[in-house]
Amino acid sequence: MILNMIPSRFKSRDSVKIKAVILDMDGVIYRGRTLIAGADKVIVELKKRGIKIAYLTNACTRSRKGRVEKMKILGIDADEKEMFPTSYAVAKYICANYPKSKLNVFYIGGDGVGEELIDAGISVVDAKKADIVVIGLDSKMTYEKMSNGFRAIIRGADFIATNIDATFPVEDGLLPGAGALVEFLSFASGRKPKIVIGKPNTYVLDMILKELGVGKDEVVMVGDRLDSDIAVAKKAGVRSVLVLSGITKKEDLNKLRQNEKPDAVIDSIRDLFSLF
Ligand SMILES: [Mg+2]
C-alpha cells in the first residue's frame, strides 16, 4: 500500500506517493536505552501498509547486526537490510573507493566499525601499517589510541570520519559525539577528514535510495536534528519531518531561514500518521 500525504501539510508538493520512510534512530526511536513511546507501533503499521523502512543513523558503535539486536531489546523487529549505520557505510565507501592493495585500516570507533570492516573484506591493522584511519565515536577511546591515529595521519594515511555530530542524546541529557574526536585529530594534525560519511553528507542517503530502489520523491526522512537529519534531506531533495523528541526544541525553529525549515514538525514519531 502507498501512502498519500495531505497536501496542506506538505504545501510545496501535492499528494505524493510515499514508498519508503527513512528513520533516524537516536532521538526518534529511542533515547539511550529507552524506547520513545509509540515508535514500535508506528513501525509495525508502516510495514503493514507496505512502506519500506530504512534506518539512517550516524552512529557507528554497532554493526548492522548489533543494531538489529538493540531494536529487538526495545521490542522492534528489524532486518539487517534495513540498517544503514555509518559503521556499514564507511566499509562500503572504502571498498568502492580504494584499490585492494590499500585496504589497510586503523579505526577508532566501537566494535561495530571493526565488524563491518572485516565483513567487507577490509584488513584491520595496527596504526603503523594503516593506509586509512577511520574515526567515529568510541566509548573506549584512550589518549594512546588517539595518538596512534594522529601519527598515522601525519605520516600520510587518509583520514575518514564516520560522522561529525557534536553531541548525542541520552536519558539524562547529552554526551559528546564523534565530532569531538574528529576535531581532536584535526586540531592536532592540521588536517580535515577526506570525507565525512554520515549526515548531513548525502552519501548514505543516496545509498539507501539505490538499495531500496526508490526515487527521492517517494521517500520521507524523519529525524530529530536540524543540522544532520533535516539538512541531509534538504541537500538530497527529500521531504523531511522533524520530531521534537530528541535534540531540537520548538524554539530552535524560530531561528531558521525558510529554506532550512523541515516540511513538517511533529512532537514524536507517534504522530507520524497525522501527516498522511
Ligand atoms: Mg537523532
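Residues numbered from 1 in each chain as written. Predicted model: local features only at pLDDT ≥ 70, side-chain atom pairs only at ≥ 80, totals over all residues. Heavy atoms only, no water.

J.: Explain the packing of helix H3 (residues 86-97) against helix H4 (residues 111-119) to me, and be specific about the residues and the numbers.
T.: For the pair H3 and H4, interaxial distance at closest approach is 8 Å and the crossing angle is 35°. The element H3 and its partner H4 pack so that their crossing is right-handed. Contacts between H3 and H4 pair Ser87, Tyr88, Ala91 and Ile94 from the former with Gly112, Val113, Glu116 and Leu117 from the latter. Partitioned by chemical class, the residues of the contact of H3 with H4 number 5 nonpolar, 2 polar and 1 charged. (Axes fitted to C-alpha atoms, helices over the stretch in contact; angles between N-to-C directions. Helix = DSSP H or I, 4+ residues; strand = E, 2+ residues; numbered from the N terminus. Left-handed = near helix turned anticlockwise from the far one by under 90°. Contact = heavy atoms within 4.5 Å. Nonpolar A, V, L, I, M, F, W, Y, C, P; charged D, E, K, R; others polar.)

J.: Outline the domain arrangement of the chain, listing residues and values.
T.: Taken as a whole, the chain is organised into domain 1 (16-58 + 200-275) and domain 2 (99-196). Measuring from the centre of the C-alpha atoms in domain 1 to the corresponding centre in domain 2 gives 26 Å. Between domain 1 and domain 2, the residue contacts involve 12 residues of the former and 12 residues of the latter. Note on domain 1 versus domain 2: buried area summed over both sides is about 950 Å², and carbon and sulfur give 47% of it. Taken as a group, Arg31, Asn58 and Arg225 account for 48% of the area that domain 1 buries against domain 2, more than any other trio of residues on that side. The tally of links from domain 1 across to domain 2 stands at 4 residue pairs in polar contact (both at pLDDT 80 or more). Per-class residue counts for the side of domain 1 that touches domain 2 are 1 nonpolar, 6 polar and 5 charged. (Domains from an automatic or database assignment. Buried area = accessible area lost by both parts, 1.4 Å probe. Polar contact = N/O pair within 3.5 Å; in protein donor to acceptor, adjacent residues only side chain to side chain.)

J.: Quick one: what's the story with a negative patch on the surface, residue by residue and with numbers?
T.: On the surface, Glu69, Asp79, Glu80, Asp111 and Glu115 cluster together into a negatively charged patch. Within the secondary structure layout, Glu115 lies in helix H4. (Patch = residues over 30% accessible without salt bridge, like charges linked within 9 Å, V, L, I, M, F, W, Y side chains within 5 Å. Areas by Shrake-Rupley, 256 points an atom, 1.4 Å probe, with all protein chains shown as cover. Salt bridge = Lys/Arg side-chain N within 4 Å of Asp/Glu carboxyl O. Lys, Arg positive; Asp, Glu negative; His and termini not counted. Charge placed at Lys NZ, Arg CZ, Asp CG, Glu CD.)

J.: Go over the environment of Asp24, please, and point to the residues and values.
T.: Along the chain, Asp24 falls in the loop between strand E3 (20-23) and strand E4 (30-31). For Asp24, a relative accessible area of 6% puts it in the buried group. Setting aside chain neighbours within four positions, we find Asp24 in contact with Ile29, Leu56, Thr57, Lys199, Met221, Val222, Gly223, Asp224 and Asp229. In terms of polar contacts, Asp24 uses its side chain to reach the side chain of Lys199, at 2.9 Å. (Buried < 20%, exposed > 50% of the residue type's maximum accessible area, 1.4 Å probe, protein only.)

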